[in-house]
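Chain and residue survey
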Amino acid sequence: MTQALHLDVDPGSDDAVMIALALALPAIEMTGISTVAGNSTIENTTRNACRILELFDRTDVPVARGCGEPMVGSFETAEWVHGPNGIRGDLPDPSTGPINRHGAEFIVDQAREYGDELSIVAVGPMTNLATALALEPSLPDMVANIYLMGGAAMTTGNVTPMAEANFRNDAVAARRVVRGTRPKMVGLDATHDATVPLSRIDEYKRATQPLKTVGAWLEYPEEVRKFGGGEEPAVHDAAVVAHLIDDSVLEFEPYHLDVDTTMGPSRGAVVCDRWAVTGNEPNADVAVAADTERFRSVLVETFERL
Ligand code: BDR
Ligand code: CA
């Protein structure tokens, strides 16, 4: 039985690895992609989504361009992490483009079409999802699951001491989504352990296409490593899709969450009621750990098929 999957992405090199993984897994039917700015501008992330699908000869998957600005303020892009125009790997210009539908509307369309067969996986700033929720408040009841890659519940942030990049880039949207969708939040608590060995990346870089480009996406530039990563790169976004195939990849626990939207140093930080001191009922399942070996096995076994 296949799982229907809608991906909301800001590719982004780790987004690209996640898309490649989902495309290569026979158990997943990718029904659509919506794009959001974040790792780069909306022009670039949309273009990159089309380029990725062309690389895998999967232009049958519709791409809808979504929000280019957060609900408040402006996005801080991260080309220095992800590569020029937001992605590494020298992909040719795309010959295809997005459909004539806004990304947030497209998420609602997908929920109406696939209902509880659909899981939504959002791995960029939560702007499209928050907008979709405003358009269709019963969205969370319509679909099977809403997974978010974002936040840091009990650990420190990666773009500020307190906040993870996706949540920080649109804290208001992150708060609305966390409060309103009963999500499965896959944040840095788990994704820091969703790593790939450097030797595997070298092997992929020497392979033929499309694996060679996957190798480029996985590259770990020195300036990124120095910035606070571990010795091996974490492929944050791919952790969610790996878990959909092998549910031993992530371990979840229920907690009550909120997101700080103040303009101070904690903007975008997750407020996780770990010890249930507020008396609030859990409103999210939080990934508290990732099994690195299981994650690596899913990646390696799947990419063997490319
Ligand atoms: C998240 O931020 C983005 O830069 C990555 O693509 C990932 O979604 C990790 O904090
Ligand atoms: Ca991302």
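A few points on the structure. (Residues numbered from 1 in each chain as written. Chains lettered and ligands numbered in written order. Predicted model: local features only at pLDDT ≥ 70, side-chain atom pairs only at ≥ 80, totals over all residues. Heavy atoms only, no water.)

**As for the sheet that holds strand 6 (residues 184–186)**
With mixed pairing, eight strands are arranged side by side in an open sheet as 3-2-1-4-5-6-10-7. At either margin of the open sheet sits one strand with a lone partner, and together these are strand 3 (63–65) and strand 7 (250–255). Neighbouring strand axes in the sheet, compared pairwise and without regard to direction, differ in orientation by 25° on average. Where strand 2 (residues 28–35) and strand 3 come together, three bridges link them in parallel fashion. Counterpart to S34 in the pairing with strand 3 is A64. Along the sheet, helix 1 (residues 13–24) contacts strand 1 (3–9), strand 2 and strand 4 (118–122); its crossing angle with strand 1, the most-contacted strand, is approximately 165°. Those strands touched by helix 4 (residues 103–114) are strand 1, strand 2, strand 3 and strand 4, and its axis lies near 155° from that of strand 2. (Pairing = 2+ DSSP bridges. Helix = DSSP H or I, 4+ residues; strand = E, 2+ residues; numbered from the N terminus. Axes fitted to C-alpha atoms, helices over the stretch in contact; angles between N-to-C directions. Contact = heavy atoms within 4.5 Å.)

**Details of the site of ligand 1**
Looking at ligand 1, the residues that line it are D14, D15, N39, H82, V123, M149, N158, E164, A165, N166, H236 and D237. D237 is positioned with one of its side-chain polar atoms (N or O) 2.6 Å from an oxygen atom of ligand 1. Protein contacts shield 93% of the accessible area of ligand 1, which totals 280 Å² for the unbound molecule. Among the secondary structure elements, those contributing two or more residues to the shell around ligand 1 are helix 1 and helix 7 (165–169). A per-class count over the shell around ligand 1 returns three nonpolar, five polar and four charged. (Near = heavy atom within 4 Å. Polar contact = N/O pair within 3.5 Å; in protein donor to acceptor, adjacent residues only side chain to side chain. Areas by Shrake-Rupley, 256 points an atom, 1.4 Å probe, with all protein chains shown as cover. Nonpolar A, V, L, I, M, F, W, Y, C, P; charged D, E, K, R; others polar.)

**Notes on the coordination of the calcium ion (ligand 2)**
Taken together, the protein ligands of the calcium ion (ligand 2) are D10 (OD), D15 (OD), D15 (OD), V123 (O) and D237 (OD), with distances of 2.3 to 2.7 Å. All donors of the calcium ion (ligand 2) belong to a single chain; written as a sequence motif, their spacing is D-x4-D-x107-V-x113-D. Note that D10 is positioned in the loop between strand 1 and helix 1 and D237 in the loop between helix 12 (222–226) and helix 13 (238–245), a separation of 227 residues in sequence. The pair D10 / D237 is uniform in exposure class, with both members buried. (Donors = N, O, S within 2.8 Å, 3.2 Å for Na, K, Ca; no water. Buried < 20%, exposed > 50% of the residue type's maximum accessible area, 1.4 Å probe, protein only.)

**Structural notes on the packing of aromatic side chains**
Counted by the stated rule, this structure contains three aromatic pairs. With 6.0 Å between their ring centres and 85° between their planes, Y204 and F303 make a pair best called edge-to-face. In this pair, Y204 is assigned in helix 10 (residues 198–205) and F303 in helix 14 (residues 292–303), connecting sequence segments 99 residues apart. By relative accessible area, which is 3% here, Y204 ends up buried. Taking the relative accessible area as the measure of exposure, F303 reaches 1% and is therefore buried. When the ring centre of F252 is taken as reference, the NZ or CZ atom of K184 above it lies at 5.9 Å. (Phe/Tyr/Trp six-rings, centres within 6.5 Å; stacked < 30°, edge-to-face > 60°. Lys NZ or Arg CZ within 6 Å of the ring centre and 35° of its normal.)

Coordinates in, geometry out; function isn't part of it.
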